[in-house]
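Survey of secondary and tertiary structure
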Amino acid sequence: MTNFSPRGATRKRAGGIKRFPKRHLLLVTGVAAAVMTVVGLLPSPQVEAKRSETELLIDEFQPESPKETLKELAFEEKAAPLETQAQRLARDEAERLATEEATLGSRKRITIESGDNLSTLFDDMGLSARVVYEVAKTPQLGKNLTDIRPGQTFEYRVNSEGILTQLHYVQNKLESILYEREGDGYVGKKITLEPEVRIAFAEASIKNSLFLASQNAGLSEKMTMELAGIFGWDIDFALDIRSGDSFNVMYEEKYLDNEKLSDGNIIAATFVNQSEAFTAIRYTDSHGNSNYYSPDGKSMKKAFLRTPVNFTRISSSFNPNRLHPIFKTKRPHNGTDYAAPTGTPIKAAGDGKIQFIGWQNGFGNVVFIQHPHNIVTVYAHQSRVNKRFKTGSQVKQGQTIGYVGQTGWATGPHLHYEFRVNGVHRNPVTVKLPDASPIPKSERARFMAFANKTMAQLEKHGTTMLAKNEKESKQRP
Ligand SMILES: [Zn+2]
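Only a predicted model underlies this, so the values are computations on that prediction, with no experimental measurement involved. (Residues numbered from 1 in each chain as written. Predicted model: local features only at pLDDT ≥ 70, side-chain atom pairs only at ≥ 80, totals over all residues. Heavy atoms only, no water.)

Concerning the overall build of the chain
Note the threshold: Only DSSP runs of H or I with at least four residues qualify as helices, and only runs of E with at least two residues qualify as strands; both kinds are numbered from the N terminus onward. Only protein chains enter the calculation, and the probe is 1.4 Å; a residue is then buried if its accessible area is under 20% of its type maximum, exposed if over 50%, and partly exposed in between. Whether two residues are in contact is decided by their heavy atoms, any of which lying within 4.5 Å being enough. For the area figures, the Shrake-Rupley method with a 1.4 Å probe applies, and any residue is considered shielded solely by the protein chains shown.
When helices and strands are counted, the chain shows ten helices and 20 strands. Relative to its 477 residues, the chain shows a buried fraction of 40%. Summarising the internal contacts of the chain: among those between residues at least 6 apart in sequence, 63% fall at separations of at least 24. As displayed, the chain offers around 27,300 Å² of accessible surface, 53% of which is attributable to carbon and sulfur atoms.

The following block contains the structure:
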């Protein structure tokens, strides 16, 4: 065992691991990471090097023939138990720490509380005002010490001569600054940790509510909102959800040293609503813009918002044969009235160009937007329009163009909204909305490759779960 080179041992271990499912591999990496967390909070060049070396070896190892690997494994079993990779790392770390402690001093930690300042903190650390001055004048990064906030920590070492050798200012889980003694002063180094992104799956069948089902599937409220947002163009989550609807979602989780920091993006999801399945895939194009598309490359979004305002109720529907509430004569109601408190923001329903912005008799403060395909949308009775827009300005879907009011001929605060196609008034509530731009031709091949790979992952997981559920239900009497 003593003449076993560490590199050889790693290879052998890695070879053994390679035969197990990927989950085990992750677990081993996890153990190594956990050991490193326990033994040292400061990432040292040595640890970093070891971590990447281990990963590289696992990656590069390909057994030449399965037989050979088996033989090696058999030999390994007969031999005395090997020191595991984790044990070896822990031993090396312990040695390194002992050396560090002897030269730099032992590591201590202090948590910043409200009311603390550098002087009080350094005083608590047993250091003089002169040291505060020396660290604070560290080139570039010294000034960051004036931004200290409660909850952040200082990890520090003072050597046997009473000199502050290291100050590690931990700003949050991912960012910190390390100040190290050099000559008569200090040098600072920013340390940024990249969270590990893991892929997670969740699926659920809805019995009572989407939120309950999501919660039971382990999804956070934020993820549920995002899921609803992605499919919100096709499914009305307030009215359309039925018992038996289901979803299957693949998403990112961000981890640091096996501790979950936050959720990432939804990568793909399928939502079955009243037996109709919708699938969305998040695709980042070569310009770095991310959007959700169906597997055949159509945008999940529509070119128009169904309703351009958060309304309390529809106070008057589109009706070509209506009796006008003020004039008591037969006058068509060419739009939909959305009642909402004065001042509620009004959003542009789609991308376009401002055709008119200002006052018109009857409409009061009004905005007309010209969109592609000869569509015009109208937003009337505003308390005020957004001054940053002028006639001819470009406007993007969702931008606030003004605020709800009751200017012009209106009996209460509401938005009168019209949707005109080729000059003909259409019912804004029921008109079929055009899709937003699909995947452009230039991105199509790249998108299809990504979509196929992603769909396979999503479906594979879905069927695994389905098979498992079926098995479970069969076992029940
Ligand atoms: Zn109206």
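With respect to the sheet that holds strand E5 (residues 185-192)
To keep it simple, the criterion reads: Following DSSP output, two strands are said to pair if at least two bridges run between them. Only the contacting stretch of a helix is used when fitting its axis, a line to C-alpha atoms as for every element, and angles between N-to-C directions run 0 to 180 degrees.
With antiparallel pairing, five strands are arranged side by side in an open sheet as E1-E2-E3-E4-E5. A strand with exactly one partner marks an edge of an open sheet, and here the two such strands are strand E1 (107-111) and E5. For this sheet, the mean inter-axis angle between neighbouring strands, taken without regard to orientation, is 20°. Where strand E4 (residues 175-182) meets E5, eight bridges bridge the pair, whose relative direction is antiparallel. Bridge pairing links Ser176 to Ile191 in E5.

Quick notes on the coordination of the zinc ion
Using the following cut-off: Listed donors are limited to N, O and S atoms within 2.8 Å of the metal, widened to 3.2 Å for Na, K and Ca; water is not among them, so incomplete-looking sites are possible. Just to be clear on the cut-offs, tetrahedral is four donors with all angles between 85 and 135 degrees, square planar is four donors and octahedral six with opposite donors over 155 degrees apart and all others between 65 and 115, and anything else goes down as irregular.
The coordination sphere of the zinc ion contains the protein donors His333 (NE2), Asp337 (OD), Asp337 (OD) and His416 (ND1), at a distance range of 2.0 to 2.8 Å. Geometry at the zinc ion is irregular, judged from its four donor atoms and the angles of 52 to 156° they form at the metal. Sequence positions of the residues that donate to the zinc ion give the spacing H-x3-D-x78-H. The same class applies to His333 and to Asp337, which are both buried.

Thoughts on the sheet that holds strand E6 (residues 196-205)
Pairing is antiparallel in the open sheet, where five strands are placed in the order E6-E7-E8-E9-E10. If you trace the sheet from one side to the other, it starts and ends with E6 and strand E10 (290-293), each paired once. Ignoring strand direction, the axes of neighbouring strands in this sheet form an average angle of 25°. Taken together, the six bridges between strand E8 (residues 259-273) and strand E9 (residues 276-284) define a ladder with antiparallel strand orientation. Opposite Asn273, over in E9, you have Glu276 as the bridge partner.

Remarks on the packing of aromatic side chains
This is how the line gets drawn: Only Phe, Tyr and Trp rings are paired, with Trp represented by its six-membered ring, and only when their centres lie within 6.5 Å; those with planes under 30 degrees apart are stacked, over 60 edge-to-face, the remainder tilted. The criterion is that NZ of a Lys, or CZ of an Arg, lies within 6 Å of the ring centre and within 35 degrees of the ring normal, and then a charge sits over that ring.
Going through the model one piece at a time under the given rule, you end up with 14 aromatic pairs. On the numbers, 6.1 Å between centres and 50° between planes, the contact of Tyr283 with Phe450 is tilted. Within this pair, whereas Tyr283 is found in strand E9, its partner Phe450 is found in helix H10 (residues 444-475), the two being separated by 167 residues in sequence. Using a relative accessible area of 3% as the deciding quantity, one classes Tyr283 as buried. Since its relative accessible area comes to 27%, Phe450 is described here as partly exposed. Taken together, the ring pairs connect Phe231, Phe237, Phe247 and Phe271 into an aromatic cluster. The cationic tip of Arg384 hangs over the ring face of Tyr403; the distance from NZ or CZ to the ring centre is 4.1 Å.

Side note on a nonpolar patch on the surface
For clarity, the threshold we go by: Patch definition: residues with relative accessible area over 30% and no salt bridge; like charges joined within 9 Å; nonpolar side chains (Val, Leu, Ile, Met, Phe, Trp, Tyr) joined within 5 Å. Should a side-chain nitrogen of Lys or Arg be within 4 Å of a carboxyl oxygen of Asp or Glu, the pair is scored as a salt bridge.
A cluster of nonpolar residues, Phe311, Ile314 and Val429, forms a patch on the protein surface that exposes about 220 Å² of accessible area. Within the secondary structure layout, Ile314 lies in strand E11 (residues 313-316).

Looking at the side chain of Glu134
Within the secondary structure layout, Glu134 lies in helix H7 (residues 129-136). What Glu134 contacts, discounting residues up to four positions off in sequence, is Arg181, Asp184 and Tyr186.

Looking at the pairing of E9
Where E8 folds back onto E9 in an antiparallel hairpin, the turn is made up of two residues, including Gln274, whose phi is positive at roughly 50°. The pairing of E9 with E10 spans four bridges and is classified as antiparallel. When the sheet's bridge partners are listed, Thr284 is paired in E10 with Ser290. Between E9 and the antiparallel strand that follows it, E10, lie five residues; Gly288 among them carries a positive phi value of about 90°.

As for helix H9 (residues 221-231)
For an α-helix the count is 3.6 residues per turn, leaving residues at separations of three or four pointing the same way. This is how it is decided: Arc, as used here, means the arc of the directions from the helix axis to the C-beta atoms.
For H9, the full list of buried residues reads Met223, Thr224, Leu227, Ala228, Ile230 and Phe231. When H9 is viewed along its axis, its buried side chains cluster within an angular range of 160° and face the same direction. Among the exposed residues of H9, those pointing more than 90 degrees away from its buried face are Glu221 and Met225. Against helix H8 (210-216), strand E7 (246-256), E8, E9 and E10 lie the buried residues of H9.

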